[in-house]
Amino acid sequence: MSSLLCRAQEAAKQSPQQAIELYSSVLFAENTDNVSVVDREVALLSLAVLFERMQDAAALTKLINDSQSYLVTVSKAKSSKLIRTLVDRFNGIQGGLQAQIGTCKSMLEWAKSENREYLRQALETRLVSLYLDNRMYTEALALTSRLLSELKKLDDRMQLVEVHLLESRVYMALKNLPKSRAALTSARTAANSIYTPPPLQAQLDLQSGTLHSDEGDFKTAYSYFFETMEGLNVYANPKTTSESAEPSTSPTALVAQGASTAAKYEEQQLRAFSYMILCKIMTQQPDDITSLFATGKTAAKFRDQQVVAALQAVAKAQKQRSLADFEKALSEFRNELQSDELIRNHLTALYDTLMEQNLVRLIEPYSRVEITHVAKLIGLPIGVVENKLSQMILDKVFFGVLDQGNGCLVIFPEPKHDQIYETTLDTVKSLSNVVESLYVKAASL
């Protein structure tokens, strides 16, 4: 390692700007004979790490575009890996999604001009994922369709699995569950014929669990989420991740890359574990949540996470059938419970169910009751209670009418089903059959 790199690594701790200048002098050295290819690679990765820490998306974009002259000098496999690593550095920059999409597109054009088909397909797969994160579903589906057509001809099953999985996620975001399930089935079919790395298998399990939970099969979903969490155990270990990196990488870039990868897998584990708790809540088993923390070290380390505490508060409110405690949990942990779409949707449905149960329990003793009294008992605004009661009447949860003139709810006894009409219809149908058979016999004489 050159003296300039050693000085840059020392300067990075106290003066990032000076470190940037030193790393740049190595990466963009005019006389490349004095600088090795490995040193330039170390400088490139270290600059990307610094820009990520500084939250400077524009500088990272410029670095990637300016480094094309260096990328031409290394092997295609090495340059492909470097480009994917550099593009992923935007993940640690807040609000860097648009810059990441733009950079990915510019590198796509470079890959096309250099006739690097493998890199182009890898970047297009990454671009589909970025489109999904940015809610650009039309563009994602168009690119996915073209990619699948190419990959099927090449029989690249590993990348087929990834693209089918992304297609399933896009369709699920569009609430098209049949097509999402079909795409996931295609991904699993391709995965069964090859060795699937555990992180990719964990993503397949997570998607399967999400689909099953959307369909109301929470027991099956729970098993998939458990497999996801356990499958990522080794990869969420920073030591294991850093040891697997190349020895040519600088210590700064090595630690950052290992920590970033481990943090990503740990975030997926936390997501799977929170979904496991959600499944217990939706299956009316809040008491089983405590036992989840005894399933191993993985679950125990998430005990103090905010999203776990939020779901525990919801489970406690559900156990006590307390709408006030449920609302308190939703208000206190708004960010944790509203940021995830799956948790948000299921808790909204659970809140409606809990409100219905409370209203039915409150109005059960009455045949006529003031709406203001019901609102006072349940602790909700009159307008909310009135709207919910009208919805319950339309859904035939109970029978009654809203007397808005007097501000009352009139409850009727459940009407008894009279069988005489059905019996009469059956009798007429039988007589019709007899007459028809007699007519057929008479016609044959």
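Starting from 1, residues in each chain are numbered consecutively following that chain's sequence as written. Local features are withheld for residues below a pLDDT of 70 in this predicted model, meaning they are given only at 70 or higher, and side-chain atom pairs are given and counted only at 80 or more; totals for whole chains, interfaces and linings count all residues. With hydrogens and water set aside, each side-chain value is computed from the structure's full complement of heavy atoms.

Considerations on the packing of aromatic side chains
Step number 1: Centre distance within 6.5 Å is the pairing criterion for rings of Phe, Tyr and Trp, where only the six-membered ring of Trp is used; planes under 30 degrees apart are then read as stacked, over 60 as edge-to-face, and the remainder as tilted. With the rule as written, the count across this model stands at three aromatic pairs.
Step number 2: Ring centres of Phe273 and Phe302 lie 6.0 Å apart, and the angle between their planes is 35 degrees; on these two criteria the pair is classed as tilted. Within this pair, whereas Phe273 is found in helix α15 (residues 251-282), its partner Phe302 is found in the loop between α17 (297-300) and α18 (306-319), the two being separated by 29 residues in sequence.
Step number 3: Relative accessibility thresholds used throughout: buried, under 20% of the residue-type maximum; exposed, over 50%; partly exposed, between the two (1.4 Å probe, protein chains only). On the accessibility criterion, Phe302 (1% relative accessible area) is buried.
Step number 4: Centre to centre, the rings of Phe326 and Tyr351 are 5.6 Å apart; their planes meet at 50 degrees, and the pair counts as tilted. Of this pair, Phe326 sits in helix α19 (residues 323-332) while Tyr351 is found in helix α21 (residues 341-363), placing the two residues 25 residues apart along the sequence.
Step number 5: Assessed through its relative accessible area of 0%, Phe326 is described here as buried.
Step number 6: Two limits define a charge over a ring: the Lys NZ or Arg CZ must be within 6 Å of the ring centre, and within 35 degrees of the ring normal. One cation-aromatic arrangement involves Lys280 over Tyr222; the distance from NZ or CZ to the ring centre is 4.7 Å. Strands here mean DSSP runs of E at least two residues long; helices mean DSSP runs of H or I at least four residues long; both are numbered from the N terminus.

As for the pattern of salt bridges
For side chains of opposite charge, pairing can occur when their charged atoms come near one another.
Step number 1: Think of a salt bridge as a Lys or Arg side-chain nitrogen and an Asp or Glu carboxyl oxygen that are within 4 Å of each other. Scanning all chains against the criterion turns up 18 salt bridges.
Step number 2: Here Glu150 makes a salt bridge to Arg120, at a shortest N to O gap of 2.8 Å. Taken together, the residues span a long stretch of sequence, with Glu150 in helix α9 (residues 137-154) and Arg120 in helix α8 (residues 117-133) at a distance of 30 residues.
Step number 3: The exposure class of Glu150 is partly exposed, given its relative accessible area of 22%.
Step number 4: On the basis of relative accessibility, which here comes to 7%, the residue Arg120 falls in the buried class.
Step number 5: For Arg146, the salt bridge goes to Glu124, with nearest N and O atoms at 2.8 Å. Separated by 22 residues along the polypeptide, Arg146 in helix α9 and Glu124 in helix α8 bring together distant segments of the chain.

Quick notes on the packing of helix α11 (residues 177-192) against helix α12 (residues 198-214)
Two quantities define a packed helix pair, namely the angle between the axes and the distance from one axis to the other.
Step number 1: Between α11 and α12, the shortest axis-to-axis distance is 11 Å and the interhelical angle comes to 150 degrees. Taken as axis vectors, α11 and α12 run roughly antiparallel relative to one another. Crossing geometry of α11 relative to α12 is assigned as left-handed. Along the contact surface, α11 presents Leu177, Ser180, Arg181, Leu184, Ala187, Arg188 and Ala191, while α12 presents Gln201, Leu204, Asp205, Gln207, Ser208, Leu211, His212 and Asp214.
Step number 2: Classes in brief: Ala, Val, Leu, Ile, Met, Phe, Trp, Tyr, Cys and Pro nonpolar; Asp, Glu, Lys and Arg charged; the others, Gly included, polar. Of the residues in the contact of α11 with α12, the class split is six nonpolar, five polar and four charged. Axis definition: a line fitted to C-alpha atoms, limited for helices to the stretch in contact. Angles are taken between N-to-C directions and run from 0 to 180 degrees. For classification purposes, an angle smaller than 35 degrees is called roughly parallel, one larger than 145 roughly antiparallel, one from 65 to 115 roughly perpendicular, and anything else oblique. Left-handed is the label given to a crossing in which the near helix is rotated counterclockwise from the far helix by less than a right angle, and right-handed is the label when the rotation is clockwise. Any two residues having at least one pair of non-hydrogen atoms within 4.5 Å are treated as being in contact.

Considering the layout of surface pockets
Step number 1: With a 1 Å grid laid over protein atoms only, a set of points is called a cavity when a 1.4 Å probe fits there but cannot get out and a pocket when it is open yet has protein on both sides within 12 Å along at least five of seven lines; lining residues have an atom within 4 Å of a point. Grid points are joined across faces, edges and corners, and a volume is the space filled by probe spheres set on the points. Taken as a whole, the second largest pocket spans an internal volume of roughly 170 Å³.
Step number 2: Lining of the second largest pocket is provided by Val360, Ile363, Glu364, Lys396, Val397, Phe398, Phe399, Ile411, Phe412, Pro413 and Glu414.
Step number 3: Of the residues belonging to the lining of the second largest pocket, the class tally is eight nonpolar, no polar and three charged.

Brief notes about helix α10 (residues 157-173)
Think of an α-helix as turning once every 3.6 residues; residues three or four places apart then point the same way.
Step number 1: Between the first and last residue of a helix there are one fewer steps than residues, each counted as 1.5 Å, and that sum is the expected span. Here α10 is 17 residues long and its end C-alpha atoms lie 24 Å apart, about the 24 Å a rise of 1.5 Å per residue gives.
Step number 2: For α10, the buried fraction is high: 12 of the 17 residues fall into the buried class.
Step number 3: Burial in α10 covers these residues: Gln159, Leu160, Val161, Val163, His164, Leu165, Leu166, Glu167, Ser168, Val170, Tyr171 and Met172.
Step number 4: Elements in contact with the buried residues of α10: α8, α9, α11 and α12.

Some words on the pairing of strand β3 (residues 408-411)
Step number 1: Of the two faces of β3, the one carrying Cys408 and Val410 and the one carrying Leu409 and Ile411 are both buried.
Step number 2: With three bridges joining them, strand β1 (residues 368-370) and β3 adopt antiparallel strand pairing. By the bridge assignment, Arg368 is partnered in β3 with Val410. At least two bridges found by DSSP between two strands is the condition for calling them paired.

Description of the confidence of the model for the protein
Caution applies to low-pLDDT regions: their predicted coordinates should not be interpreted in detail.
Step number 1: Confidence of the prediction at every residue is given by pLDDT, a number between 0 and 100. Per-residue confidence for the protein gives a mean pLDDT of 86; residues scoring 70 or more make up 93%.
Step number 2: For the stretch residues 240-249, pLDDT sits under 50, and the model shows 16 contacts to residues farther than four places along the chain or on other chains.

Here we look at the environment of Thr372
Step number 1: Relative to the assigned elements, Thr372 resides in helix α22 (residues 371-378).
Step number 2: A C-alpha to C-alpha distance of 8.8 Å links Thr372 and Val385, two positions 13 residues apart in sequence.

Overview of the packing of helix α1 (residues 3-14) against helix α3 (residues 37-53)
Step number 1: Two elements in contact, α1 and α3, have axes separated by 11 Å at closest approach and are oriented at 15 degrees. As judged from the angle between their axes, α1 and α3 are roughly parallel. Here α1 runs over α3; the crossing is left-handed. Residues Leu5, Gln9 and Ala12 of α1 form the contact with α3, whose participating residues are Asp39, Val42, Ala43 and Leu50.
Step number 2: Residues belonging to the contact of α1 with α3 are distributed by class as follows: five nonpolar, one polar and one charged.

Thoughts on the side chain of Arg120
Step number 1: Counted as a polar contact is a pair of N or O atoms within 3.5 Å, where, for protein atoms, one must be capable of donating a hydrogen and the other of accepting one, and residues adjacent in sequence contribute only when both atoms are in side chains. A polar atom in the side chain of Arg120 sits 2.8 Å from the side chain of Glu150.
Step number 2: Ignoring sequence-local partners within four residues, the contact set of Arg120 consists of Leu108, Ala111, Lys112, Arg146 and Glu150.

Let's talk about the sheet that holds strand β2 (residues 400-403)
The strands making up a sheet associate through backbone hydrogen bonding, with each pair oriented either parallel or antiparallel.
Step number 1: Overall, antiparallel pairing links the three strands, which are arranged β1-β3-β2 in an open sheet. Each of the sheet's edge strands pairs with one partner strand only, and the pair in question is β1 and β2. The sheet shows a mean angle of 20 degrees between the axes of neighbouring strands, taken without regard to direction.
Step number 2: Where β2 meets β3, four bridges bridge the pair, whose relative direction is antiparallel. If you follow Val401 over to β3, its bridge partner there is Val410.
Step number 3: Those strands touched by helix α23 (residues 382-394) are β2 and β3, and its axis lies near 150 degrees from that of β2.

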